Each structure stands twice: as C-alpha cells, then as structure tokens.
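Here's the letter readout for the chains.
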Amino acid sequence: MNAIIEMKNLNKFYGSHHVLKDIDLSVSRGEVVVVVGASGSGKSTLIRCVNGLEMYQNGSLLVDGYPMPVEEDRRLGGERELAAIRKGVGMVFQQFNLFPHKTVVENITIAPMRVHRKTRREAEATALKLLERVGLEAHAHKYPGQLSGGQQQRVAIARSLAMEPHLMLFDEPTSALDPEMIGEVLDVMRELAADGMTMMIVTHEMGFAREVADRIVYIDQGSILEIGKPDAFFDNPENDRARSFLARVLKH
Amino acid sequence: MIARFLKWSRHNLFGKPFDILLSLTVIPGFLWLAYQVAAWTVTTARWEIIPESLRILMIGIFPAEQAWRAWVAIMIIAALLGAALGCVFAFRKRHAAGLLLVLAAVIALTGSKDLTNALLTASTIAIFASGCAAISLIPLLRRALLPAGFIALIAIFAVMSPPGAGLWGGLLLSILLTLVTSIVSLPVGILLAFGRRSRFSSMRWICMGYIEVMRSVPLIMVVYWIWILMPVLAPQFGLADVVRGMIGFTLFYSAYVAEYVRSGLQAVPREQTEAARSLGMSEFDINRSIVLPQALRVAVPPLVGNVLDIFNTAPLVFIIGLTDFLRAGQMILANPQYGDRTYEVYAFLFLTYFLVGSLITFVARRLETHLARGNR
C-alpha cells in the first residue's frame, strides 16, 4: 500500500453544478504533486476534499488508508473518523488563517496539546524547533497581526507540521502574498519537499512547480486533463487546453 | 480668552439666522432651568431626609442589627467588580484619587459623626482598589475570574440568607439582581447561541424557539409567570420571592445574551473553523478555544450594555412585591412624616441611577477601545 491518496471516480456537485468530474488520482508516499489550472477549474475544491473540508457525493477517496465518507454518510455523523484522518494531514491556506487571538507559539501548540494530549512543555519545545526551521524563532511570542504575510504563512506551515502529518496540502499558499515575500515561503516548501514530505500543492507559481514537482496535474472545468512529469508537461503538453493555459501563464 | 470665546460663539451659536433663533431661545431657557434647580437644591430642599433614611434606601427592610451581613456582601461585590475592571484598566494613581473623592462624598452624605459607616465604606473602597490592582498586575488571575464570580455569588447568598431572603431590598437588591442575572445569563446565553447553530435540527429549533419567545414578550410578564409557576413546579423548595425574581430575570436576559453572542459568532470567519478542523481538533475544542474567544471579543461591548439594561429594569421586580432601590424610595415617602419630601427623594434616586448608569456606559466605551486595540 504505497499510495497515500487514492481517488476513484470522485464526483462533487454544488447543487446542480458539477464541480469535480470522475476524478482518478493517486499520490504515493514521498511524492510532490502540483495541481495547476485556471481559476474556477476546481483545483482548490479537489485539494479540500482530501481532508474533508469539502464533501463529495460519489466515488471513493482513501486517505492514508482511511476511507473518507461520502456526503450522505457524513450527515449521519462520523466527525470522529474525520478528525482521525485530519490528524495525519496538514493543510496550509491561501489566507494563512492563523488564530488572531493567540500568539505564534500558542497557534502552534494548541492542536498538539488538545489532540495529541501533549504537555505544554513538550509542545512548546517542538514549536520552537519548528519556528527555527522556518526562521521565525525571534517572533515566537508575537501575535499574528504583528507579522508580515510571508511570516504568517511560514507560521501556518509550522503549525501544520506540529501535528507531524504524513501529508501536507497547500492551497495557493503564495497567492495572497506581496511579491517580495513569495520567495521565503517557497524556500520553506522546497526544504520540506527535499526532506521527503508528501505534498499536494495548488499554485500559480509555475517555475516553482516545475522545480519541486514529481508530477503535475492539469485540471480544467472539473476534469483532470493531463498528468505528467514536469518537464514533459511544461515543454510539450499533450492536451490542447493545457497548451493554451501554459501559453497564457508563462507569457509573463 | 474672552475674545476666543466670542469668536467661538459667533461661529457655533450665532452663525446662521436659524442658529441665532435657536441660541436665543434655548440658552436663556436652559440657564433659567439650571438656576431654578440650583436654587431649589441649595435653599428650599431639605436634604436631611437622605442621610436619615439612607439605610432603607441601601438595604431596604433588612434588619439593622444584621447590617454587617450586607456590608460583607458589598465588600465581596466590590472585590469582584474591582477584579473585573482590573482586566481592562491598568490601575493608576489618578484612579486612587478618584476613589478618595468617592469616599469623601459618601462621608459628606452620611454625616461625619457616623464613624463606623465611614470606616466600612473606606475598607470597601480599599477592597475594590486592591481587587483591581491585583488582577491588573498579575494577569494569571484572570483565568480564575469567572469561577471566582460564581463562588462569590454563592458566598453572598450564604451571608445574606440567614435573616430571610424576603428581607432583601434597596440598592443592594438592585445590584444583586443585576449581578446574578448578568453572571448566570452569560453561560446560559452562550449555550443557547451555540445550540442555535447546532448540527441537530431539534436542538436548533428548541433554542431558536426559546430565544424568540423570550424576546417577544415583556420582561415583567416573564418575571410574573416564573413567580406564579415556581411554587407549582417546585413546591418542595419553597423558593423565596427574590430567588424567583432572579430566575425570571435570568431566563429573560439569557435570550438577549444569546443574540449578542450569536452576532459575535457570526463575525468569526468560517476559515478559522476550517483551519482548526484541518489540525484535527474536535468540534468542542474548536468552539471553546478558537471560535468563542473571538466571538466574545465582538460581543463584550453589547454585553456590558446589557448589564446596564438589567440594572435599569430591576425596579420592575416591584410586581412580585420586592423592595428594590426605587421602591425603597417610595416606601420612605409613604411615611406621613416625610410626605412632603418627594422631590428630594426622587432627585437622589435619579442621581444615583444616573451615576451608576453612566459608569457602566463609560466602562463599556473604554472596553470597546481596549478590545479594538487588542485586535491587531
């Protein structure tokens, strides 16, 4: 069992709007998969399905060996099973979503203390180590509002890592950042990839995608149109729509 | 100085024809009124009635030889209020000066010969100040504030009960009613607000029904209903009128608290919940540690306003035969010997309500700026 994510015939609707169409995708342990596509193509929805922030209507989704229940079953409960899956899956959001009423250290320690029942001392030791890793140990006792966007996003990454996830999801982690801050966040992600973390990333940073990805997934109007090695995808895309998409984004 | 005043008044009072007309009618009228009030206050009014009946105004028909119990209750309240204020205000020297002024006013009111009361007032103020100073200097104590509040309430009940809860009255009753209602309705209101967003529709409907019913009927009716229902529902307890009144007030105001908390909950972005969920936190932990603190930050100013509402509606307990502050004033006037002092007594009532009310408004406003600053 080498796949950490396994989607088979996954379908999602918002009312009558068909958002994800027959998605088949599997991600192996240690792999870095980058999902690209135009806005509104369903790439964020796809990644949010993996930790159950979005519900899907039919098909199957295995995460880390656990089956993610479809919407009908989730109506009946299953919050605990969901929490069990989420413990092993970290997520980084476009808008960072740090907890504004807690300091940086508290942001990082709250989940390990509540979910893994770690002591404060243990959790804080881990938090400081992680902050050092993302280069923010000096800001440990500030509030998120006192940090720049890039710093907040690095704290958000550290917060996810504190739960020792097997898989990290990144939902456009640099889209809300000023250009000069994108680099510092991408550097942290590069290091994570080099350490062998399994990552699924939605991004518009094509250069970064090409550099770190093991595979690129191109998605358009809710369907996966192409999956391939980065070099093959960027130099010689097979799909017509992928080609015109690349022509549009690589022009700048 | 005079030139500046003239310039200022030409701009602000006599700028346009309409302004001139307004100023010429309002200003003399106001001055005349102020003169009349001042003249009455200094010459006609006979104020000795206030110190003479101060005990009735403050504690109603509570027996005089048991007054120490009331003092203990007042000191507990002072400590609690001081601690609550200490969370927001750093204690400074000028605050101490203000408190000394209050002490001086109280002594002037009671007459200087009454040394015991002056000493007790002084120690109450000292307790208030030290509560405030302690909590503003040692932030760790803040976590203990809510449990301490409940323990304080129980202690007050234990101290005040022996002579009979039916004897509670005066300003102390108004304050106790306000305190009990605002402290107990907070957790009840929070639970109702969360119940209203529950996943289970039965829960949602029950909470929504409760809130809507309470908000669409008059307070006085709820209080009256509880008063007549309690002996039927729980005859074995034989609850005193005061307790039944407090239950009625709490049930009524919980619905309002729930609405304020709900507006706070709506102000917390959905992404906060999502981020906490993605960390594997349970729904209970998310609500308690992530959503509620941020919601309360938004809801605190209206909640303090709610305390003022409770205090100002407290006189309505006369409907179930309780003697609150306002009713105590009327009781004094019912004495034929004092029948002609209506204006003096009502002026005192007015002033006291106004002072307490504006104090609460002031705190609410300061709290608002304080929280806005905290929300970087």
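The name recorded for chain B in an unreviewed UniProt entry is Polar amino acid ABC transporter, inner membrane subunit, from Sinorhizobium medicae. Quoted verbatim from the Sequence similarities (unreviewed entry) heading of the UniProt record, the comment on chain B is "Belongs to the binding-protein-dependent transport system permease family. HisMQ subfamily."

UniProt's Sequence similarities (unreviewed entry) comment on chain A is quoted here verbatim: "Belongs to the ABC transporter superfamily."

Draft legend 1. Region of interest: the overall build of chain B. If you tally the helices and strands in chain B, you get 16 helices and one strand. Taken along its principal axes, the extent of the C-alpha atoms in chain B is 70 × 60 × 45 Å. Relative to its 376 residues, chain B shows a buried fraction of 40%. Across chain B, every contact between residues at least 6 apart in sequence was considered, and the portion connecting residues at least 24 apart equals 76%. For chain B, the accessible surface area stands at approximately 20,700 Å², while carbon and sulfur atoms represent 72% of it.

Draft legend 2. Geometry of the UniProt feature "domain: ABC transporter" (unreviewed entry) in chain A. Under the UniProt annotation, the feature "domain: ABC transporter" (unreviewed entry) is placed at residues 5–246 of chain A. Secondary structure content for residues 5–246 of chain A is 40% helix and 25% strand, and the end C-alpha separation is 26 Å.

Draft legend 3. Representation of the UniProt feature "domain: ABC transmembrane type-1" (unreviewed entry) in chain B. In the numbering used here, UniProt assigns the "domain: ABC transmembrane type-1" (unreviewed entry) feature to residues 171–364 of chain B. Between the first and last C-alpha atoms of residues 171–364 of chain B the distance is 22 Å; the span itself is 80% helix and 1% strand.

Draft legend 4. Seen up close, the pattern of salt bridges. Under the defined criterion, the tally for this structure stands at 27 salt bridges over all chains. Between Arg133(A) and Asp195(A) there is a salt bridge, with the nearest N and O atoms lying 3.2 Å from each other. Of this pair, Arg133(A) sits in helix α5 (residues 120–133) while Asp195(A) sits in the loop between α7 (179–194) and β8 (198–202), and the two are 62 residues apart along the sequence. A residue is classified by how much of its surface remains accessible, and Arg133(A), at 40% relative accessible area, is partly exposed. Residues participating in the shared-partner salt-bridge network are Lys12(A), Arg48(A), Glu54(A), Arg270(B) and Glu274(B).

Draft legend 5. Region of interest: the pairing of strand β6 (residues 89–92) of chain A. All names here are of chain A. Side chains of β6 alternate between two faces, with Val 89 and Met 91 and Gly 90 and Val 92 buried alike. For β6 and strand β7 (residues 167–171), the ladder comprises four bridges, and the chain directions are parallel. Across the sheet, the residue bridging to Gly 90 is Met 168, located in β7.

Draft legend 6. Up close: the packing of helix α11 (residues 219–233) of chain B against helix α12 (residues 241–267) of chain B. Residues and elements named next belong to chain B. Running from N to C, α11 and α12 point in directions that differ by 130°, and their axes come no closer than 8 Å. As summarised for this structure, α11 and α12 are arranged oblique, according to the angle between their axes. As α11 packs across α12, the resulting crossing turns out to be right-handed. Across the interface between the two elements, Leu 219, Val 222, Val 223, Ile 226, Trp 227, Met 230 and Pro 231 from α11 touch Asp 241, Arg 244, Ile 247, Gly 248, Phe 249, Leu 251, Phe 252 and Tyr 253 from α12. Here the contact of α11 with α12 is built from residues that sort into twelve nonpolar, one polar and two charged.

Draft legend 7. A look at the packing of aromatic side chains. Applying the stated rule across the entire model yields 14 aromatic pairs over all chains. Aromatic pair Phe311(B) and Tyr353(B): ring centres 5.4 Å apart, planes at 55°, arrangement tilted. With Phe311(B) in helix α14 (residues 283–313) and Tyr353(B) in helix α16 (residues 342–374), the pair connects residues that are 42 residues apart, well separated along the chain. Each member of the pair, Phe311(B) as well as Tyr353(B), is classed as buried. Between the aromatic rings of Phe325(B) and Phe348(B), the centroid separation amounts to 6.3 Å while the plane-to-plane angle is 70°, which identifies the pairing as edge-to-face. Taken together, the residues Phe325(B) in helix α15 (residues 325–334) and Phe348(B) in helix α16 connect sequence positions 23 residues apart. No difference in accessibility class separates Phe325(B) from Phe348(B), as the two residues are buried. Aromatic rings pair up to connect Tyr218(A), Phe233(A), Phe234(A) and Phe245(A) into one cluster. Positioned over the ring face of Tyr256(B) is Arg215(B), at 5.8 Å from the centre of the ring.

Draft legend 8. Seen up close, the domain arrangement of chain B. Residues and elements named next belong to chain B. Parsing chain B into structural domains produces domain 1 (69–163) and domain 2 (167–376). The centre of domain 1, based on its C-alpha atoms, is set 22 Å off from the matching centre of domain 2. If you look at the interface, domain 1 gives 18 residues, while domain 2 gives 17 residues. Overall, the association of domain 1 and domain 2 removes approximately 1,600 Å² of surface from exposure, summing both partners, and the carbon and sulfur fraction of that is 90%. Inspection of the region where domain 1 meets domain 2 yields zero salt bridges. At the surface where domain 1 touches domain 2, the tally comes to one residue pair in polar contact (both at pLDDT 80 or more).

Draft legend 9. Structural detail: helix α8 (residues 145–160) of chain B. Residue and element names in this part refer to chain B. Taking 1.5 Å per residue as the helical rise, α8 with its 16 residues ought to reach 22 Å, and the 22 Å between its terminal C-alpha atoms agrees with that figure. When we look at burial in α8, the residues that qualify are Gly 149, Ala 152, Leu 153, Ile 156, Val 159 and Met 160. One face of α8 carries all of its buried residues, which in axial projection span an arc of 135°. Relative to its buried face, α8 has exposed residues pointing more than 90 degrees away, namely Ile 151, Ile 154 and Ala 158. Considering only its buried residues, α8 is in contact with α5 (67–86) and α9 (170–196).

Draft legend 10. Looking closely at the sheet that holds strand β1 (residues 3–14) of chain A. Residue and element names in this part refer to chain A. Taken in spatial order, the four strands of this open sheet run β2-β1-β4-β5, and their pairing is antiparallel. On the outer flanks of this sheet lie β2 (17–28) and β5 (66–67), each paired with one strand and no other. Where helix α1 (residues 43–50) meets the sheet, its contacts fall on β1, β2 and β4 (58–63), and the angle it forms with β1 comes to roughly 125°.

Draft legend 11. A look at the interface of chain B and chain A. Listed per partner, the contact involves 21 residues of chain B and 27 residues of chain A. Among the ionic pairs, Arg48(A) bridges to Glu274(B), the shortest N-O distance being 2.7 Å. At the boundary of chain B with chain A, the tally comes to five residue pairs in polar contact (both at pLDDT 80 or more). Its residues placed into classes, the side of chain B that touches chain A shows six nonpolar, five polar and ten charged.

Draft legend 12. Summary view of the nonpolar core. In this structure, Ile5(A), Met7(A) and Met200(A) are the most contacted members of the largest nonpolar core, which totals 54 residues. Looking at this core, the element that brings in the most residues is α14(B), giving seven residues. In contact with Ile5(A), not counting residues within four places along its chain, are Leu25(A), Ser26(A), Val27(A), Val50(A), Leu61(A), Leu62(A), Leu167(A) and Met200(A).

Draft legend 13. Inspection of the pairing of strand β10 (residues 223–228) of chain A at higher detail. All names here are of chain A. The pairing of strand β9 (residues 215–220) with β10 spans five bridges and is antiparallel. Of the residues in β10, the one forming a bridge with Ile 219 is Ile 224. Linking β9 to β10, which pair antiparallel, is a turn of two residues; within it Gln 221 sits at a positive phi near 50°.

Draft legend 14. Spatial organisation of the sheet that holds β10(A). Residues and elements named next belong to chain A. One open sheet holds the six strands; their spatial order is β6-β7-β8-β3-β9-β10, and the pairing between them is mixed. Because the sheet does not close on itself, it has two edges, and the strands there are β6 and β10. Between one strand and the next, the sheet's axes are offset by a mean angle of 15°, whatever the strand orientation. The sheet contacts of α1 involve β3 (32–36), β6, β7, β8 and β9, and relative to β7 the element is tilted by about 150°.

Rules used throughout
- Residues numbered from 1 in each chain as written.
- Chains lettered and ligands numbered in written order.
- Predicted model: local features only at pLDDT ≥ 70, side-chain atom pairs only at ≥ 80, totals over all residues.
- Heavy atoms only, no water.
- UniProt positions renumbered as here; feature names shortened; annotations may be inferred.
- Helix = DSSP H or I, 4+ residues; strand = E, 2+ residues; numbered from the N terminus.
- Buried < 20%, exposed > 50% of the residue type's maximum accessible area, 1.4 Å probe, protein only.
- Contact = heavy atoms within 4.5 Å.
- Areas by Shrake-Rupley, 256 points an atom, 1.4 Å probe, with all protein chains shown as cover.
- Salt bridge = Lys/Arg side-chain N within 4 Å of Asp/Glu carboxyl O.
- Pairing = 2+ DSSP bridges.
- Axes fitted to C-alpha atoms, helices over the stretch in contact; angles between N-to-C directions.
- Parallel < 35°, antiparallel > 145°, perpendicular 65-115°, else oblique.
- Left-handed = near helix turned anticlockwise from the far one by under 90°.
- Nonpolar A, V, L, I, M, F, W, Y, C, P; charged D, E, K, R; others polar.
- Phe/Tyr/Trp six-rings, centres within 6.5 Å; stacked < 30°, edge-to-face > 60°.
- Lys NZ or Arg CZ within 6 Å of the ring centre and 35° of its normal.
- Domains from an automatic or database assignment.
- Buried area = accessible area lost by both parts, 1.4 Å probe.
- Polar contact = N/O pair within 3.5 Å; in protein donor to acceptor, adjacent residues only side chain to side chain.
- Expected span 1.5 Å × (residues − 1).
- Arc of directions from axis to C-beta.
- Core = buried A, V, L, I, M, F, W, Y, C linked by side-chain atoms within 4.5 Å.

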